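Here is how the chains run, residue by residue.
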Amino acid sequence: MDYMLLLLGLSFVLACIHFLTKSLGATKFGPVNLPPGPRPFPVIGNILELGNKPHQALAELSKTYGPIMSLKLGSITTIVISSPHVAKEALQKHDQALSSRTILDGVQFQDHHKVSMVWLPALAPWRNLRKVCATQMFAAQRLDATQAVRQKKVQEVVDYVHENCTSGSVVDIGQTAFTTVMNSVSNTFFSIDLAHYQSDLSQNFNDLVYGVMEEIGKPNIANYFPILRSIDPQGIRKCTTTYVEKIFYIFDGIIDERIQARETMMSKESKDLLDSLLNLAEENSSELSLAVIKHLFLDLFVAGIDTTSSTIEWAMAELLHNPEKLTKAQTELRQVLGKDGLVQEFDIKKLPYLQAVMKETLRLHPPAPFLVPHKAETEVEICSYLVPKTAQILVNVWAMGRDSSVWQNPNSFMPERFIESEIDVKGRDFELIPFGAGRRICPGLPLAQRMVYLMLASLLCTFDWKLANDMKPEDMDMTEKFGLTLHKSEPLLAVPIKV
Ligand code: HEM
């Protein structure tokens, strides 16, 4: 406690100096005309207003201050955007100027932020990584080539759930989805299961990835007062570093083994992403080194697994909470695929209701409710307000998904609203941008969609479901827990029944 008081005292002095120097500055727009917002307290600014569910607290504040607000989070000027119209102006008209990142303290381990696709500014090294991912991994042709491995992983989860049917056990949907998505991704990357991978440190890979995400997602005083970063006041960077060292140890083993195996091979044909990246690195090691490849894999695991698996958990939760929608989804699937139908990724286009279920789930439960925070590289003007250089930009897609001026009955789960609608999640329709929009849009979107559809379709087509402990749908806890990903507070426990 004394330690925290000391830190607050120190940050007070520094924040005063910062505040005085900033407020004396001028901008190219003349007198500062920041967007409206609640009055900040000295030093801490508006931090206390965030509470433990900042996406909800800021949605509530935007009802008073409007769709573009400014707040002070410690020493960080933060612009919060809460309407499709303003989001379009920011992410389309000012895409370039606003596409940098505020670097969280927790990700500054092993200089990760200097090579990472997630954290680099949108300049040449970042563009190169995006191009590598788009061509080597997320292009439709590449994903088609690896769909059999994901299909196999989903068949394994169906077999696992079958065992639970026989024994009458309860399935933890979120955990099951996490393991399946992890293995789908690790097989697409390395052709191995990492969820069961035992390192010499005998710690499960799942726990390591989860550990990194949990640490980065913790409220961290150093994010609000960057001047405190050198002392890592809560030990978050230290903890993240420990997890990452173990993850890199596992990656090193996989990469070394592959390099050795390739030496004895006649052909360098790519069987997975690792082969493709090693081929590229051999062609041009100055653009893609082994170290960069390792950081890239880390980014893809951290950004891709939890977001995708929590979407699957929320979709199942909403369907179990709304049994008539569950029946509709199952009827569509069983008509198109047959009861024991083997679901394949190309079946997705024949399943409009399932597609609507995914959009509706992402509208209500975007895994990244503020996207990944952007940063202004230069001053820009949005809706006649100044967005100062270096301001952090939070786009509250959670608030936009529940805005009653955009959606009818915004809090109800109604996939039907998307059946006759052209609205999609690909970044062109700003009322629904759970993957972001503009140059920073999620590169993993095509893979995420395939994994969510495949797993949902298989679980829903092959089994009927009821809630554990004979819970009634109306008694379900549908509250959210804020973190790096927006999770369900209570895990979804359900009992599968053979059809
Ligand atoms: C970035 C959402 C799955 C890799 C993002 C962003 C969002 C997002 C909101 C930030 C966009 C912005 O800053 O404007 C989601 C959702 C997913 C998902 C909702 C699943 C339902 C995946 C998957 C992968 C992935 C499966 C890869 C395996 C990334 C990466 C970035 C990113 C690397 C950083 C891109 C950059 O900064 O340039 N994602 N994502 N995501 N996502 Fe995803």
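The name that an unreviewed UniProt entry assigns to the chain is Cytochrome P450, with the source organism given as Acer negundo. As stated in UniProt under Cofactor (unreviewed entry), the record for the chain gives "heme".

> Quick one: what's the story with the overall build of the chain, residue by residue and with numbers?
Along its length, the chain carries 16 helices and 12 strands. For the chain, the C-alpha radius of gyration of 23 Å lies close to 23 Å, the compact-globule estimate for 499 residues. Oriented by its inertia axes, the alpha-carbon framework of the chain measures out at about 70 × 60 × 45 Å. Within the chain, counting contacts between residues at least 6 apart in sequence, those at least 24 apart form 74% of the total. Per element, the accessible surface of the chain, about 22,300 Å² overall, is 55% carbon and sulfur. Across the chain, the centroid of the 49 positively charged side chains sits 5 Å from that of the 56 negatively charged ones.

> Pulling in residues and values, what's your account of the site of the ligand?
Near the ligand lie 24 residues; those nearest to it are Arg101, Trp126, His374, Arg440 and Cys442. A distance of 2.8 Å separates an oxygen atom of the ligand from a polar atom in the side chain of Arg130. Separating an oxygen atom of the ligand from a backbone N or O atom of Val372 is a distance of 3.4 Å. Only helix 4 (124-138) and helix 12 (290-321) provide two or more residues apiece to the shell around the ligand. Per-class residue counts for the shell around the ligand are 15 nonpolar, 6 polar and 3 charged.

> Now, about the coordination of the iron atom of the ligand: what can you tell me, with residues and values included?
Within the protein, a single donor atom binds the iron atom of the ligand, namely Cys442 (SG) at 2.3 Å. On the secondary structure map, Cys442 appears in the loop between helix 15 (397-401) and helix 16 (445-462).

> Describe the UniProt feature "binding site: heme" (unreviewed entry) in the chain, and please don't skip the residues or the numbers.
Feature annotation in UniProt places "binding site: heme" (unreviewed entry) on Cys442, given in this structure's numbering. Owing to a relative accessible area of 31%, Cys442 belongs among the partly exposed residues under this scheme. Residue contacts for Cys442: discarding those within four places in its chain leaves Arg130 and Phe435.

> Can you tell me about the nonpolar core, naming the residues and giving the values?
With 108 residues, the main nonpolar core has Phe301 and Trp465 as its most contacted residues. Top contributing element to this core by residue count: helix 12, with 16 residues. In this view, Phe301 contacts Met182, Val185, Ser186, Phe189, Phe190, Leu194, Phe205, Val209 and Phe251; residues no more than four positions away in its chain are not counted. Counting 22 residues, the second largest nonpolar core, distinct from the first, contains Ile68, Val86, Val380 and Val397.

> Describe the sheet that holds strand 1 (residues 68-73), listing the residues and the values that go with them.
Strand order in this open sheet of 5 strands is 1-2-8-5-3, and the pairing throughout is mixed. Lying at the two open borders of the sheet, with one neighbouring strand each, are strand 1 and strand 3 (100-101). Taken together, the 4 bridges between strand 2 (residues 76-81) and strand 8 (residues 392-395) define a ladder with parallel strand orientation. Of the residues in strand 8, the one forming a bridge with Val80 is Leu394. Its contacts with the sheet place helix 3 (residues 84-93) against strand 1, strand 2, strand 5 (374-375) and strand 8, and it is angled at close to 125 degrees to strand 2.

> Go over the packing of aromatic side chains, please, and point to the residues and values.
One pass over the structure, following the stated rule, counts 15 aromatic pairs. A connected cluster of aromatic rings, assembled from ring pairs, spans Phe189, Phe190, Phe205, Phe248, Phe251, Phe297 and Phe301. When the ring centre of Trp407 is taken as reference, the NZ or CZ atom of Arg363 above it lies at 5.4 Å.

> Please provide a residue-by-residue account of the sheet that holds strand 4 (residues 171-172), values included.
One open sheet accounts for 3 strands, arranged 4-12-9; its pairing is antiparallel. Two strands in the sheet have a free side with no partner beyond their single neighbour: strand 4 and strand 9 (463-467). Two elements, strand 9 and strand 12 (residues 493-498), share 5 bridges in a ladder whose sense is antiparallel. In the sheet register, Phe463 faces strand 12, and the bridge partner there is Lys498. Along the sheet face, helix 6 (residues 147-167) touches strand 4, strand 9 and strand 12 and points at about 85 degrees away from the line of strand 12.

> Before we move on, could you go through the packing of helix 12 against helix 14 (residues 352-364) and cite the residues and values that matter?
Axis separation between helix 12 and helix 14 bottoms out at 9 Å; the angle between their running directions is 100 degrees. Overall, the two elements helix 12 and helix 14 adopt an arrangement that is roughly perpendicular. Contact with helix 12, carried on its side by Thr311, Trp314, Ala315, Glu318 and Leu319, involves Val357, Thr361, Leu362 and Leu364 of helix 14 and no other residues of that element. Of the residues that constitute the contact of helix 12 with helix 14, the class distribution is 6 nonpolar, 2 polar and 1 charged.

Parameters at a glance
- Residues numbered from 1 in each chain as written.
- Predicted model: local features only at pLDDT ≥ 70, side-chain atom pairs only at ≥ 80, totals over all residues.
- Heavy atoms only, no water.
- UniProt positions renumbered as here; feature names shortened; annotations may be inferred.
- Helix = DSSP H or I, 4+ residues; strand = E, 2+ residues; numbered from the N terminus.
- Rg over C-alpha atoms; globule rule 2.2 N^0.38 Å.
- Contact = heavy atoms within 4.5 Å.
- Areas by Shrake-Rupley, 256 points an atom, 1.4 Å probe, with all protein chains shown as cover.
- Lys, Arg positive; Asp, Glu negative; His and termini not counted.
- Charge placed at Lys NZ, Arg CZ, Asp CG, Glu CD.
- Near = heavy atom within 4 Å.
- Polar contact = N/O pair within 3.5 Å; in protein donor to acceptor, adjacent residues only side chain to side chain.
- Nonpolar A, V, L, I, M, F, W, Y, C, P; charged D, E, K, R; others polar.
- Donors = N, O, S within 2.8 Å, 3.2 Å for Na, K, Ca; no water.
- Buried < 20%, exposed > 50% of the residue type's maximum accessible area, 1.4 Å probe, protein only.
- Core = buried A, V, L, I, M, F, W, Y, C linked by side-chain atoms within 4.5 Å.
- Pairing = 2+ DSSP bridges.
- Axes fitted to C-alpha atoms, helices over the stretch in contact; angles between N-to-C directions.
- Phe/Tyr/Trp six-rings, centres within 6.5 Å; stacked < 30°, edge-to-face > 60°.
- Lys NZ or Arg CZ within 6 Å of the ring centre and 35° of its normal.
- Parallel < 35°, antiparallel > 145°, perpendicular 65-115°, else oblique.

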